[in-house]
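# Topology and contacts: notes
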Amino acid sequence: MLADLGEDARPLAGGHSLIPMMKLRLATPSHLVDLAGVPELKGIRQDGGDIVIGATTTQHELIGSALLADELPILRETSLLIADPQVRYLGTIGGNVANGDPGNDMPAVMMCLGATYQVAGKAGERRIAAREFYQGAYFTALEPGEIVTAIHIKAPPAGHGWAYEKLKRKVGDYATAAAAVVLTMDSGKVATCSIGLTNVSETPLWAEEAEKILVGSALDDATVKKAVAAAEAITSPAADSRGPVHYRTKMAGVMLTRALARAKERAR
Ligand SMILES: Cc1cc2nc3c(=O)[nH]c(=O)nc-3n(C[C@H](O)[C@H](O)[C@H](O)COP(=O)(O)OP(=O)(O)OC[C@H]3O[C@@H](n4cnc5c(N)ncnc54)[C@H](O)[C@@H]3O)c2cc1C
């Protein structure tokens, strides 16, 4: 239906980003195609070493999943920091990652985890890496008529450390700045490290340079400072009601410092 109706039609998932946009007349789709009627889009399952999450799985369902609590606890931590229970009962993971809003929390976490999005359209199915999906604010690699059907995430090794640190003005707010970290430690040194940043640029950010600086270190203060500076250097936040550019850049650094410390504490 989406492919036939053309560019003016939009998929509707939880409606908790799209309906507010329509109320503000920032989106005026001619048709809404409700994804809730497609049961194949729902659910969380293990497929070999991958965790596969259906696009219309709600944030509330992510929080309640025993499989995710064991294998991908960063998703539970992140979901609990999104909005409030009412939004999380309806808001979906697919809508959150496909929306393209730099304020959404899941995209940076997906970049951090090296997730891929399975998408489907009239031309068939394909996979897009989260790290290549975001091209500008509300602008993604999806072609007209394509939807995200599922998210594939390779489960990090047992004993990995993780943290999602989010600064917000009040409960329910989007991030002033936030940082996702997943790392593994070996004999007191960082063996692998991955970092994503939320709402400090037009797109979520993958802080690759900062990761390289940290691998092989014991997360000592001097190395963390160097990595934080590298992460801050790739940000370009907007000045808005959450603060001026310099403040939001520095808060990204503070969130990253805290996330690294907490991830290290949790790593076994
Ligand atoms: C008060 C409030 C506070 C919020 N705070 C936060 C927050 O702190 N952090 C955060 O991350 N989010 C926040 N949100 C947004 C919330 O998490 C949304 O529910 C979520 O971003 C979008 O998911 P949805 O299922 O509601 O999508 P919808 O609103 O239905 O859709 C959003 C967009 O994605 C498209 N879309 C939906 N599903 C798909 C799909 N499978 N494939 C392709 N395109 C699709 C739609 O066409 C639309 O353009 C907040 C929302 C509200 C109302």
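All values derive from a computational prediction rather than experimental measurement. (Residues numbered from 1 in each chain as written. Predicted model: local features only at pLDDT ≥ 70, side-chain atom pairs only at ≥ 80, totals over all residues. Heavy atoms only, no water.)

### A look at the overall build of the protein
Inclusion rule: A run of H or I in DSSP counts as a helix once it spans at least four residues, and a run of E counts as a strand once it spans at least two, with each numbered from the N terminus. Remark: exposure states derive from per-residue accessible area (1.4 Å probe, protein chains only) relative to the maximum for the residue type, with buried under 20%, exposed over 50%, and partly exposed in between. Any two residues whose heavy atoms approach within 4.5 Å are treated as being in contact. Residue exposure ignores everything except the shown protein chains as possible cover, and the areas themselves are Shrake-Rupley values with a 1.4 Å probe. Note on charges: Lys and Arg go in the positive column, Asp and Glu in the negative column, and His and the chain ends are not counted at all. A charge is said to be at NZ when it belongs to Lys, at CZ for Arg, at CG for Asp and at CD for Glu.
A tally of regular secondary structure across the protein gives 12 helices and 13 strands. For the protein, the C-alpha atoms occupy an extent of roughly 55 × 45 × 35 Å along the three principal directions. Relative to its 268 residues, the protein shows a buried fraction of 51%. In the protein, of all internal contacts separated by at least 6 residues, the share reaching a separation of at least 24 is 58%. Here the protein displays about 12400 Å² of accessible surface, and carbon together with sulfur accounts for 54% of that area. Of note, the protein has its 28 positive side-chain charges centred 6 Å away from the centre of its 30 negative side-chain charges.

### Side note on the packing of helix H11 (residues 221-233) against helix H12 (residues 245-266)
We apply this condition: With axes taken as lines fitted to C-alpha atoms, and helix axes fitted only over the stretch in contact, angles between N-to-C directions fall between 0 and 180 degrees. Reported orientations rely on four angle classes, namely roughly parallel under 35 degrees, roughly antiparallel over 145, roughly perpendicular from 65 to 115, and oblique for the rest. Note on convention: the crossing is left-handed when the near helix lies turned anticlockwise from the far helix by less than a right angle, right-handed when the turn is clockwise. In this count, Pro and Cys sit with the nonpolar residues alongside Ala, Val, Leu, Ile, Met, Phe, Trp and Tyr, while Asp, Glu, Lys and Arg are called charged and the others, Gly among them, polar.
Interaxial distance between H11 and H12 falls to 9 Å at its minimum, and their mutual angle equals 140°. In terms of orientation, H11 lies oblique with respect to H12. Crossing angle aside, the handedness with which H11 passes H12 is right-handed. In this structure, H11 uses Val224, Ala227, Val228, Ala231 and Glu232 to contact H12, whose residues at the interface are Thr249, Lys250, Gly253, Leu256, Thr257 and Leu260. When its residues are assigned to classes, the contact of H11 with H12 shows 6 nonpolar, 3 polar and 2 charged.

### Observations regarding the sheet that holds strand E3 (residues 44-47)
The line we're drawing: At least two DSSP bridges between two strands are needed for those strands to be called paired.
Spatial ordering of the open sheet is given by E3-E4-E9-E5-E6, a layout of 5 strands whose pairing is antiparallel. A single partner strand is all that each edge strand has here, and the edge strands are E3 and strand E6 (124-129). Going across the sheet, the axis of each strand differs from the next one's by a mean of 25°, ignoring polarity.

### Re the site of the ligand
Filter applied, for reference: Only heavy atoms are used to decide nearness, and a residue is near a molecule or strand if one of them lies within 4 Å of it. Here a polar contact means two N or O atoms within 3.5 Å. Within protein one must be a hydrogen donor candidate and the other an acceptor candidate, and residues neighboring in sequence count only if both atoms are side-chain atoms. The distinction between a cavity and a pocket rests on a 1 Å grid over the protein atoms alone: a 1.4 Å probe fits inside a cavity but cannot get out, while a pocket stays open yet meets protein on both sides within 12 Å along at least five of seven lines, and a residue with an atom within 4 Å of a point counts as lining. Assignment to a cavity or pocket requires that more than half of a molecule's atoms be within 2 Å of the site's grid points. Where each domain begins and ends is defined by an automated method or by a domain database.
Within the structure, the ligand sits among 30 residues, and Pro11, Gly14, Leu18, Thr92 and Asp105 are positioned closest to it. Take Gln59: an N or O atom from its side chain is 3.1 Å from an oxygen atom of the ligand. In isolation the ligand has 960 Å² of accessible area, and contact with the protein removes 91% of it. With respect to the pocket detection grid, the ligand is positioned in the largest pocket. For the shell around the ligand, the secondary-structure elements that each account for two or more residues are strand E1 (9-12), helix H7 (93-98) and strand E9 (147-154). Looking at the shell around the ligand residue by residue, the class counts come to 14 nonpolar, 12 polar and 4 charged. Of the residues that make up the shell around the ligand, three or more belong to each of domain 1 (36-154) and domain 2 (161-266).

### Brief notes about the layout of surface pockets
Let me state the cut-off plainly: Grid points are joined across faces, edges and corners, and a volume is the space filled by probe spheres set on the points.
In this structure, the largest pocket occupies an estimated 1100 Å³ of space. Along the walls of the largest pocket sit 44 residues, with Arg10, Pro11, Gly95, Ala98 and Asn99 positioned nearest its centre. If you list the elements that add at least two residues to the lining of the largest pocket, you get E1, helix H2 (18-23), H7, strand E8 (139-140) and E9. Per-class residue counts for the lining of the largest pocket are 20 nonpolar, 17 polar and 7 charged. Shared between two domains, the lining of the largest pocket holds at least three residues of each, these being domain 1 (36-154) and domain 2 (161-266).

### Describing the pairing of E9
In terms of burial, E9 is a largely internal element, 7 of the 8 residues being buried. Where strand E4 (residues 50-54) meets E9, 5 bridges bridge the pair, whose relative direction is antiparallel. The partner of Asp50 across the bridge, within E9, is Lys154. Across 5 bridges, strand E5 (residues 116-121) lies against E9 in antiparallel orientation. For Tyr117, the partnering residue across the bridge sits in E9 and is Ile151.

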